[in-house]
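This is what each chain is made of:
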Amino acid sequence: IINCNPAVYSNGALVLQYQWLDTVYVKNIIVQGNTKTARGITIYSLVESIRVAEVDSCQVYDIHAVNNAGVTSNLHSISIYSTAWGWDASITNCITDGVTRDKTGLACQSIVIVGMQNALVENNSVINVYHSGQSGDKQDADGIVVFSHQDGSGNYEKSTATIINNTLRQCEGRFIKLQTKN
């Protein structure tokens, strides 16, 4: 259990970020963001591609970006990012409840997979993803997001996204957002 400090803001609770992440498994983690943490569980390869990244049976609650200059990252409950063209990513059997923000201009998303050839999002519950409520704030407030890798000219590569048997409620933006070729 990761119980984030409710007295101070943070950009992340569990951040597995390195230049080369080949294989990563995260299972049975509970994150309580206490409305002061911008990211719950983040797997991020900075240079090389991720071969396999799996997040299973995790729970993330109360992710929130406060309006503070130190909060610089987009909001995500659970995210897998591969800077280079990665292989397989899955987020399964997880619960996310509460992704909100006071700070405008940041994406606000619950489950996110970016830069992977094969993405599986299955048997998850995504609840309560909201904008800041401030006038004109229309930045993303999405439930499940899967983006393919972009080539050097900004075009998305062909990938496979399998999104099945998920429950999504109260997503103020899109419930599911895909950006990939074909």
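Worth saying up front: this structure is predicted, and the values here are computed from it rather than measured.

Chemist: So what's going on with the nonpolar core? Which residues, and what values?
Modeler: One broad trend across soluble globular proteins is that nonpolar side chains are buried collectively. Grouped together as the largest cluster of nonpolar side chains are 38 residues, with contacts concentrated most on Val26, Ile41, Ile43, Val55, Ile80 and Ile91. For this core, the element with the most residues is strand β10 (residues 108–122), which contributes six residues. When sequence neighbours within four positions are dropped, the list of residues in contact with isoleucine 91 reads Val55, Ile78, Ile80, Ile111, Val112, Ile113, Leu120, Val121, Glu122 and Asn124. Counting five residues, the second-largest nonpolar core is a separate cluster that includes Tyr81, Val112, Val145 and Phe147.

Chemist: Describe the sheet that holds strand β4 (residues 30–37), and please don't skip the residues or the numbers.
Modeler: The parallel open sheet is built from six strands, whose spatial order is β1-β4-β7-β9-β11-β14. Taken across any chain shown, the strands that pair with only one partner, and hence form the sheet edges, are β1 (2–3) and β14 (167–171). Bridge analysis of strand β11 (residues 125–129) against β14 gives four bridges, and the strand direction is parallel. Looking across to β14, one finds that isoleucine 127 is bridged to arginine 169.

Chemist: Can you break down the environment of alanine 107 residue by residue, with the values?
Modeler: Counting through the fold element by element, alanine 107 comes out in the loop between β9 (95–101) and β10. For alanine 107, a relative accessible area of 6% corresponds to the buried category.

Chemist: Would you mind going over the pattern of salt bridges in detail, with residue names and values included?
Modeler: Evaluation of the coordinates by the stated rule reveals five salt bridges. Across the pair lysine 27 and aspartate 56 runs a salt bridge, and its minimum N-O distance is 3.4 Å. Of this pair, lysine 27 sits in strand β3 (residues 23–27) while aspartate 56 sits in strand β6 (residues 52–56), and the two are 29 residues apart along the sequence. Residue aspartate 56 is classed as buried on the basis of its relative accessible area, which comes to 16%. Aspartate 142 is paired through a salt bridge with arginine 174; the nearest N and O atoms lie 3.0 Å apart. On the criterion of sequence distance, the pair formed by aspartate 142 in strand β12 (residues 141–147) and arginine 174 in the loop between β14 and β15 (176–179) is long-range, its members being 32 residues apart. Classification of arginine 174 by relative accessible area gives partly exposed; the value is 38%. Salt bridges here are not isolated pairs; linked through shared partners, they connect Asp140, Asp142, Arg174 and Lys177.

Parameters and conventions
Residues numbered from 1 in each chain as written. Predicted model: local features only at pLDDT ≥ 70, side-chain atom pairs only at ≥ 80, totals over all residues. Heavy atoms only, no water. Core = buried A, V, L, I, M, F, W, Y, C linked by side-chain atoms within 4.5 Å. Buried < 20%, exposed > 50% of the residue type's maximum accessible area, 1.4 Å probe, protein only. Helix = DSSP H or I, 4+ residues; strand = E, 2+ residues; numbered from the N terminus. Contact = heavy atoms within 4.5 Å. Pairing = 2+ DSSP bridges. Salt bridge = Lys/Arg side-chain N within 4 Å of Asp/Glu carboxyl O.

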